[in-house]
Amino acid sequence: MPVITNIYDLKRLHKIRTPKMFYDYCESGSWTEQTFRENVTDFDKIRLRQRIAVDMTGRSTASKMIGQDVAMPVALAPVGLTGMQRADGEIKAAKAAAKFGVPFTLSTMSICSIEDVAEHTDKPFWFQVYTLKDDDFMRRLIARATDAKCSALVITVDLQIMGQRHKDL
């Protein structure tokens, strides 16, 4: 296993190990990709100041997110088609999130079903859902998430046409 010291090492490894169509999917965004680009460049503006010889006794990153105890205030975001990049990818991601004490968000566009993820994990997870026009389908989908003990719905409202990605057109 190569040594990964930063996000760029991880991206290089991802590009080598992943079929091009899946890599391209993860390295792009919807519409004009402005938000995707800004998600990267905004982090470039953050500077962390290293402090040494500071007493860290009693400090913790533990917090609560929507009433759920978390090891740190972050969550694994929904990524569609994760299971196509790695067998049982969503299940593995949910288990990893549970191991590290952070929420996992299952995408509507996942390969593994809500029920499969629930069956293989012992922690509640969140479910991301698109706002689709088929009310009956939406009710059934949300009922499945409820039955699987999902602890939150993450509602995506900016993608009215499923998969509208300019690169794909």
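Calculation notes
- Residues numbered from 1 in each chain as written.
- Predicted model: local features only at pLDDT ≥ 70, side-chain atom pairs only at ≥ 80, totals over all residues.
- Heavy atoms only, no water.
- Helix = DSSP H or I, 4+ residues; strand = E, 2+ residues; numbered from the N terminus.
- Buried < 20%, exposed > 50% of the residue type's maximum accessible area, 1.4 Å probe, protein only.
- Areas by Shrake-Rupley, 256 points an atom, 1.4 Å probe, with all protein chains shown as cover.
- Pairing = 2+ DSSP bridges.
- Contact = heavy atoms within 4.5 Å.
- Axes fitted to C-alpha atoms, helices over the stretch in contact; angles between N-to-C directions.
- Patch = residues over 30% accessible without salt bridge, like charges linked within 9 Å, V, L, I, M, F, W, Y side chains within 5 Å.
- Salt bridge = Lys/Arg side-chain N within 4 Å of Asp/Glu carboxyl O.
- Lys, Arg positive; Asp, Glu negative; His and termini not counted.
- Charge placed at Lys NZ, Arg CZ, Asp CG, Glu CD.
- Right-handed = clockwise from strand over helix to strand, strands pointing away.

Enquirer: How should the overall build of the protein chain be read in this particular structure?
Expert: Scanning the protein chain from terminus to terminus reveals seven helices and five strands. Listed N to C, the secondary structure of the protein chain is α-α-α-β-β-α-α-β-α-β-α-β in terms of helices and strands. For the protein chain, the spread of C-alpha atoms along the principal axes amounts to about 60 × 35 × 30 Å. The buried share among the 169 residues of the protein chain stands at 28%. Of the roughly 12100 Å² of accessible surface on the protein chain, 58% is carried by carbon and sulfur atoms.

Enquirer: I keep staring at the sheet that holds strand β5 (residues 152-156) and nothing clicks. Help me out?
Expert: On the basis of which strands lie adjacent, the open sheet formed by three strands has the order β3-β4-β5 and parallel pairing. A single partner strand is all that each edge strand has here, and the edge strands are β3 (105-106) and β5. Across two bridges, the pairing between β3 and strand β4 (residues 126-130) is parallel. When the sheet's bridge partners are listed, L106 is paired in β4 with F127. Packed on one face of the sheet, helix α7 (residues 135-147) meets β4 and β5 and runs near 175° to β4.

Enquirer: Even after reading the chapter, I still don't get unusual backbone geometry, so can you show me in this structure?
Expert: Note: most peptide bonds trans; most residues except glycine with negative phi. For D88, which is not glycine, the phi torsion reads 60° and is therefore positive. If you check the backbone angles, K149 has positive phi at about 70° while not being a glycine.

Enquirer: Honestly, a positive patch on the surface in this entry has me stumped. Any pointers?
Expert: Judged by side-chain charge, R17, R86, K92 and K95 come together as a positively charged surface patch. Judged by its relative accessible area of 53%, R17 falls in the exposed class.

Enquirer: I keep staring at a nonpolar patch on the surface and nothing clicks. Help me out?
Expert: There is a patch of nonpolar side chains on the surface, built from M1, I4, I7, Y8 and L10 and spanning about 550 Å² of accessible area. As for its placement among the helices and strands, I4 is situated in the segment before α1 (7-17).

Enquirer: What is the right way to read the pairing of β5 from this model?
Expert: Both faces of the sheet carry side chains from a regular strand, because those side chains alternate between them. Where β4 meets β5, five bridges bridge the pair, whose relative direction is parallel. Bridge pairing links W126 to A152 in β5. Regarding topology, α7 serves as the crossover connection from β4 to the parallel β5, and that connection is right-handed.

Enquirer: Teacher, can you tell me more about the pairing of β4 here?
Expert: The buried fraction of β4 is high, at five of five residues. A two-sided burial pattern is seen for β4, the buried positions comprising W126, Q128 and Y130 on one face and F127 and V129 on the other. Considered for its hand, the β-α-β crossover made up of β3, helix α6 (residues 114-120) and β4 is right-handed.

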